[in-house]
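An overview of the molecular structure
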Amino acid sequence: MKKFLLGSLLFSLSLLAFAKKAPQQVPSIQEEFVVNNENKKLGYQLIDGGNQIVFIFDASAHKIAKPKKVFVEGSFNGWSKGKNSAWKLEKDKKYWTLTCDVDEIKVPGNSGFPEFKFYVVAEIEYIERIIEAESVRTRDEVIETKPISKFPGFQMSGNSLILFPGDDPNIVVENAKIASTQKKLKDFNLKNPDDQSKLSNVRLVPGTKNFYRGYHPYKASRQNDTEKARLEMVGTLLERYGVKSLITLSGKEEPSKKEKIPLYIQSIDYMGNHLFVDTSYNTVYYNSTSSEYGTIIADIIRFINSHPGPYYVHCRLGTDRTGAISAVIASLCGASWQDICADYQKSNEMGIDEFRDYRLLQYSFEKMLGRPMSEVENLQKELSAYLTNRGFVTQNEIDELVKNLTEDS
């Protein structure tokens, strides 16, 4: 018995010792920056009570022998690819570093967290052969690094993520699984309405009765065995729901030789019930307070108010531009933020090797409203006030929109 207790005690102590040596899941906050194995692998360190961040590039860890210039590119600088000298790291003895205010980098990527990678201009040796002679020469090459950290939850889709105290890495781990999922046609039961919606990304927008959102009706964006069936399903559902007006957020694109505009869409075009808008990922997420975005929202509201429903809004995938505009319309129609976020993330169920976290959408809304969503008591009222106070639309136009989308026809 004594031997058993002693063995258990030693085993427990060994686990405790291992736990003490195990790396922290979120970097500790250092008052002054000190290089350690954790921040070298993660590529960053929080300092000064969490108010500043130090990006750190370890060339040897990335197996880059002769870096000449190092920049950080990420969701917070538009993935600038070395074009902005403000994001250039400086070499100090062995490592390259750059210190920034944390507020500058709190801009989420698709993961819902700030994302980054290092953009490196390095001197690379190569062998040039002229006739029978070989000579070693050098040239500059650009290298965009991949994450080297093995810490779970700190990387997704080839980018390193920045997490802060209180963030749960396990959320990222689960989301990364979805982000790497590539569904096949056999994974969908095409007789099941839920699977039809998942495949096509077509569904009713929360808070409305006749406003649908989804995938492009005829432009193929993926090369896999689901794409043909996906486009066909979009057409099937548009007819089933009796859609009379279309809003296309990816501009007016002509079909390729292998594509054909469905007759149902052609009839909507013929009736003049098709609004074409050319907007972008950056506009709807990162420039949501711009006059460009406000004008787009106003144009869509006025189009709905002057054309017959039901309505269908789409871009290419029905994820970003469509997701953001659908969220705006849902908000104006009185949907809760919880329902809007849940609907936004349903696009991940397509399984097309893509992922979007609601925090990205939240960033767009918080810029417009000027405060955290947790402090917004009446989303419908506050978003309406934002649009009317900026002069994009009138309250009467918003009231008419709500009536068109929420009342039974």
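Before reading on, note that the structure itself is shown above.
So, a few notes on the structure that sits alongside this text. Everything numeric here is computed off the predicted structure, so don't read it as measured data.

Criteria and thresholds
- Residues numbered from 1 in each chain as written.
- Predicted model: local features only at pLDDT ≥ 70, side-chain atom pairs only at ≥ 80, totals over all residues.
- Heavy atoms only, no water.
- Pairing = 2+ DSSP bridges.
- Helix = DSSP H or I, 4+ residues; strand = E, 2+ residues; numbered from the N terminus.
- Axes fitted to C-alpha atoms, helices over the stretch in contact; angles between N-to-C directions.
- Core = buried A, V, L, I, M, F, W, Y, C linked by side-chain atoms within 4.5 Å.
- Buried < 20%, exposed > 50% of the residue type's maximum accessible area, 1.4 Å probe, protein only.
- Phe/Tyr/Trp six-rings, centres within 6.5 Å; stacked < 30°, edge-to-face > 60°.
- Lys NZ or Arg CZ within 6 Å of the ring centre and 35° of its normal.
- Salt bridge = Lys/Arg side-chain N within 4 Å of Asp/Glu carboxyl O.
- Left-handed = near helix turned anticlockwise from the far one by under 90°.
- Contact = heavy atoms within 4.5 Å.
- Nonpolar A, V, L, I, M, F, W, Y, C, P; charged D, E, K, R; others polar.
- Expected span 1.5 Å × (residues − 1).
- Arc of directions from axis to C-beta.

Pairing between the strands of a sheet comes from backbone hydrogen bonds, and it takes one of two forms, parallel or antiparallel. Spatial strand order, β1-β2-β5-β4: 4 strands in an open sheet with antiparallel pairing. Strand pairing shows two members of the sheet lacking a second neighbour, β1 (44–47) and β4 (90–92), which therefore form its edges. For this sheet the average axis-to-axis angle between neighbouring strands, irrespective of direction, equals 35°. Bridge count for β4 against strand β5 (residues 95–101) is 3 bridges, and the pairing is antiparallel. Across the sheet, residue aspartate 92 finds its bridge partner in β5, namely tyrosine 95.

Another point: unusual backbone geometry. Residues apart from glycine generally show negative phi values, whereas peptide bonds are mostly found in trans. Of the consecutive residues glycine 309 and proline 310, the connecting peptide bond is found in the cis state with omega at 0°. Structurally, the position occupied by proline 310 is in the loop between α9 (291–306) and β14 (311–314). A positive phi angle, near 60°, is found at lysine 63, a position not held by glycine. Here lysine 63 shows up in the loop between β2 (52–57) and β3 (67–74). Of note in the backbone geometry, aspartate 353 takes a positive phi value of approximately 65° without being a glycine. Secondary-structure assignment places aspartate 353 in the loop between α11 (337–344) and α12 (358–369).

Now for the nonpolar core. Judged by nonpolar contacts, the single largest core of 84 residues is most densely connected at Tyr44, Phe55 and Phe365. Of all the elements, α9 adds the most residues to this core, at 8 residues. Within the second largest apolar cluster, 21 residues are counted, among which are Leu199, Tyr218, Leu246 and Leu317.

Using the criterion set out here, one finds 15 aromatic pairs in the structure. On the basis of an interplanar angle of 50° and a centroid distance of 5.1 Å, the ring pair of tryptophan 337 and phenylalanine 365 is categorised as tilted. A residue pair is termed long-range when its members are at least 10 positions apart, and tryptophan 337 in helix α11 and phenylalanine 365 in helix α12 qualify at 28 residues. Residue tryptophan 337 shares its accessibility class with phenylalanine 365, and that shared class is buried. Stacked on the ring of phenylalanine 164, the Lys or Arg lysine 106 has its end atom at 5.0 Å from the ring centre. We note arginine 230 situated over the ring of tyrosine 215; from NZ or CZ to the ring centre the distance is 5.3 Å.

The next subject is the pairing of strand β7 (residues 133–144). Pairing of strand β6 (residues 115–130) with β7 involves 12 bridges; the strand directions are antiparallel. For tyrosine 126, the partnering residue across the bridge sits in β7 and is arginine 137. What sits between β6 and β7 in their antiparallel hairpin is a turn of 2 residues, with isoleucine 131 showing a positive phi close to 55°.

This part takes up the pattern of salt bridges. By the definition in use, this model includes 18 salt bridges. Arginine 316 is paired through a salt bridge with glutamate 253; the nearest N and O atoms lie 3.0 Å apart. Of the two residues, arginine 316 sits in the loop between β14 and α10 (321–332) while glutamate 253 sits in the loop between β12 (245–248) and α7 (263–270), which places them 63 residues apart along the sequence. The class of glutamate 253 is partly exposed, set by a relative accessible area of 22%. Shared partners join several salt bridges into a network, and the residues in it are Arg222, Asp320, Glu354 and Arg356.

Closest axis-to-axis distance for the α9/α10 pair is 11 Å, and the angle between their directions is 65°. Between α9 and α10 lies a crossing of right-handed hand. The segment α9 lies against α10, with Tyr293, Ile296, Ile297, Ile300 and Ile301 engaging Ala324, Ile325, Val328, Ile329 and Leu332. In the contact of α9 with α10, the residues fall into 10 nonpolar, no polar and no charged.

So, on to the sheet that holds β12. Strand order in this open sheet of 5 strands is β10-β11-β14-β12-β13, and the pairing throughout is mixed. What marks the edges here is a single partner per strand, and that holds for β10 (203–204) and β13 (274–276). Bridge count for strand β11 (residues 211–214) against β14 is 4 bridges, and the pairing is parallel. Bridge assignment links arginine 213 to a residue of β14, and that residue is valine 313.

Moving on, we come to the side chain of threonine 145. Looking at where threonine 145 falls in the secondary structure, it is placed in the loop between β7 and β8 (155–156). Overall, threonine 145 belongs to the buried group, its relative accessible area being 6%. If sequence neighbours within four positions are ignored, threonine 145 has contacts with Phe57, His62, Ile64, Lys117, Phe118, Val120 and Gly158.

A word on helix α14 (residues 395–406). For an α-helix the count is 3.6 residues per turn, leaving residues at separations of three or four pointing the same way. When the terminal C-alpha atoms of α14 are compared, their 16 Å separation across 12 residues agrees well with the 16 Å that a helix rising 1.5 Å per residue should span. Those residues of α14 that fall on the buried side of the exposure criterion are Glu397, Ile398, Leu401, Val402 and Leu405. Each buried residue of α14 sits inside an arc of 140° when the element is viewed along its axis, so together they form one side. Relative to its buried face, α14 has exposed residues pointing more than 90 degrees away, namely Asn396 and Lys403.

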